[in-house]
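An overview of the molecular structure
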Amino acid sequence: MKKLFLSLGLFIMIGAVPLISHAADSAGASIAPAAPAAAPAPAAAPAKKADPNMEQRIADLEAYVSNGARGSDAADAKVTSKLDGTAGPGHNAWMMTSAALVLFMTLPGLALFYGGLVRRKNVLSVLAQCLGIAGLVSILWWAFGYSFVFADGAGSIIGDFKKFAFLKDVGASPNTNYSYWVSHNVFSMYQMMFAIITPALIIGAVAERMKFSAILLFVTLWMIVVYFPLAHMVWGIDGMMNGVWNAKASIKAIDFAGGTVVHMSSGWSALILCMILGKRLGFGKEPMPPHNMVLCMVGTGMLWVGWYGFNAGSAVAADGVAANAFITTTMATAVASFVWAMAEYILKGKPSILGFCSGAVAGLVVITPACGFVNITGAIIIGIVAGLVPYFAVMKLKGWLGYDDALDTFGVHAVGGTLGALMTGFLAVPAKLANGEVNPGAVNANLGTNIDAVIYKGTLWLEQLKAIGLTLCLAVVGTVVIAYIVKAVVGLRTSEEVETVGLDLAEHGEEGYHGS
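Residues numbered from 1 in each chain as written. Predicted model: local features only at pLDDT ≥ 70, side-chain atom pairs only at ≥ 80, totals over all residues. Heavy atoms only, no water.

**Thoughts on the packing of aromatic side chains**
Enumeration according to the criterion identifies 29 aromatic pairs in this entry. A ring pair is formed by Tyr64 and Trp181, whose centres lie 5.3 Å apart and whose planes are at 65 degrees; its orientation type is edge-to-face. Pair noted here: Tyr64 is in helix H2 (residues 54–65) and Trp181 is in the loop between helix H5 (161–164) and helix H6 (184–202), with a separation of 117 residues, a long-range link. Overall, the relative accessible area of 2% leaves Trp181 in the buried class. When the ring centre of Trp181 is taken as reference, the NZ or CZ atom of Arg70 above it lies at 4.0 Å. (Phe/Tyr/Trp six-rings, centres within 6.5 Å; stacked < 30°, edge-to-face > 60°. Helix = DSSP H or I, 4+ residues; strand = E, 2+ residues; numbered from the N terminus. Buried < 20%, exposed > 50% of the residue type's maximum accessible area, 1.4 Å probe, protein only. Lys NZ or Arg CZ within 6 Å of the ring centre and 35° of its normal.)

**Some thoughts on the layout of surface pockets**
Space inside the largest pocket adds up to approximately 700 Å³. Leu354, Val394, Lys398, Ala406 and Asp408 are, among the 32 residues lining the largest pocket, the residues nearest its centre. Elements represented by at least two residues in the lining of the largest pocket include exactly helix H3 (89–117), helix H10 (320–348), helix H11 (353–367), helix H12 (376–401) and helix H13 (409–427). Here the residues of the lining of the largest pocket are counted per class, giving 17 nonpolar, 7 polar and 8 charged. (1 Å grid on protein atoms, 1.4 Å probe; cavity = no way out; pocket = protein on both sides within 12 Å on 5 of 7 lines; lining within 4 Å. Points joined across faces, edges and corners; volume = space filled by probe spheres on them. Nonpolar A, V, L, I, M, F, W, Y, C, P; charged D, E, K, R; others polar.)

**Some thoughts on the pattern of salt bridges**
Under the counting rule described, the total for this entry stands at 10 salt bridges. For the salt bridge of Asp404 with Arg209, the shortest nitrogen-to-oxygen distance reads 4.0 Å. With Asp404 in the loop between H12 and H13 and Arg209 in the loop between H6 and helix H7 (212–235), this pair connects stretches of sequence that are 195 residues apart. Each member of the pair, Asp404 together with Arg209, is buried. It is possible to trace a salt-bridge network through shared partners that takes in Arg119, Glu208, Arg209, Arg280, Glu286 and Asp404. (Salt bridge = Lys/Arg side-chain N within 4 Å of Asp/Glu carboxyl O.)

Following this line, the structure appears as structure tokens:
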């Protein structure tokens with residue numbers, strides 16, 4: 001009965017959203033305004049802007065190549081541009097590719113990575129959870145999520161719901177708050193892929209024992225309470241923690257591709273949720289090894305490849321910033337994978353495939369917030385630390401504290417994301433000192449003079465600590481409240497019988513493998 005009510009509730013919510021929007025539009029159109037007492041004075045006609053001359057047209061082409069502003073993009077511009085409202089084909093192509101790469105991280109990368117790590121009776125449940133989250137989050141993003149995150153004007157904590165609800169006015173022309181040369185609809189789809197993978201990471205901690213219905217309801221509420229506000233605060237043009245673009249930000253922190261927004265939020269939420277959910281039957285009493293390390297390895301490779309869209313794509317252009325993020329991501333990941341496996345080699349006598357895979361993912365996580373702000377030396381340092389600290393969290397801390405984080409979401413993503421956010425504060429290179437090595441130009445769309453001043457003072461790490469603290473509080477408190485709401489409405493955990501048989505058959509009526 002609870003499943004029926006949950007399904008009906010989700011369908012009603014999804015179906016009612018466009019009807020409410022249409023009713024609101026119709027009501028606004030049908031209410032006639034009161035007749036004014038006197039006709040208002042006619043407004044002064046805006047000054048006509050001059051057509052661009054040849055010099056300006058060449059300058060606009062140079063701006064496209066260098067990912068800069070057109071002559072007409074300035075607030076006080078006195079000229080038009082032949083390229084007004086036009087996306088740049090090269091930048092657009094890269095961002096569409098990046099969007100596909102980030103989706104590739106979840107489907108099938110994360111699905112196979114997690115799927116290989118669970119027991120064979122639960123492999124399809126992980127795939128179903130990844131697919132279900134992808135569809136659910138896409139609907140939320142269309143209805144109000146994108147507007148909550150990237151619409152300006154409503155404040156520093158959450159975006160304006162009305163501005164881009166149902167992706168209204170999100171078309172082919174660029175939204176110059178975020179990019180001069182990438183279509184607004186492409187940018188929105190790119191960011192949606194981040195919104196999809198973030199809650200999907202959480203399922204690694206609660207694998208093999210949480211109801212599918214509970215996961216859907218939890219993700220719906222978690223996106224509204226945790227992800228959308230946090231993403232706006234960090235990445236929204238007027239967000240309170242956007243130290244890159246918002247000169248009035250109360251916390252002048254930087255997060256290039258999601259150390260706080262993606263990895264800290266999902267990782268800390270995963271820890272709290274798995275503790276509320278409880279341990280798997282037999283945890284600590286019987287072995288629960290991964291059922292297929294080949295799937296895990298394949299999934300890891302897909303995550304690594306897809307992560308180039310995640311990190312280099314966060315430059316929102318095919319430019320030098322993307323190139324730097326590409327190389328720093330590569331080096332940090334390779335080093336972390338090697339260091340984790342060598343730590344196993346030294347301490348356990350055998351370097352495992354799981355160790356190489358875990359190290360690679362840890363390196364990807366830790367470099368994420370820093371990839372556009374550090375140089376190659378910084379990336380190597382991050383790779384070494386990423387191969388050791390999450391290894392310690394997974395191999396030692398987990399046993400000491402006794403929580404059942406099934407696939408080590410907390411040890412890799414929470415610990416790694418927190419570590420990466422903090423290390424960014426120490427290793428970020430000011431644009432004025434980069435000499436083109438990190439961010440070309442003294443003032444760049446991804447590293448402005450606002451942050452340069454903080455770096456010069458040596459206080460960026462303090463701003464990063466503030467962002468870490470706020471992210472942690474929002475994720476932990478939000479998850480506690482949401483988990484108990486879900487527990488009261490549909491229940492969190494499967495029955496012992498379902499857990500023993502396996503979630504594949506019990507919840508999805510299918511098996512991943514047939515035969516012995």
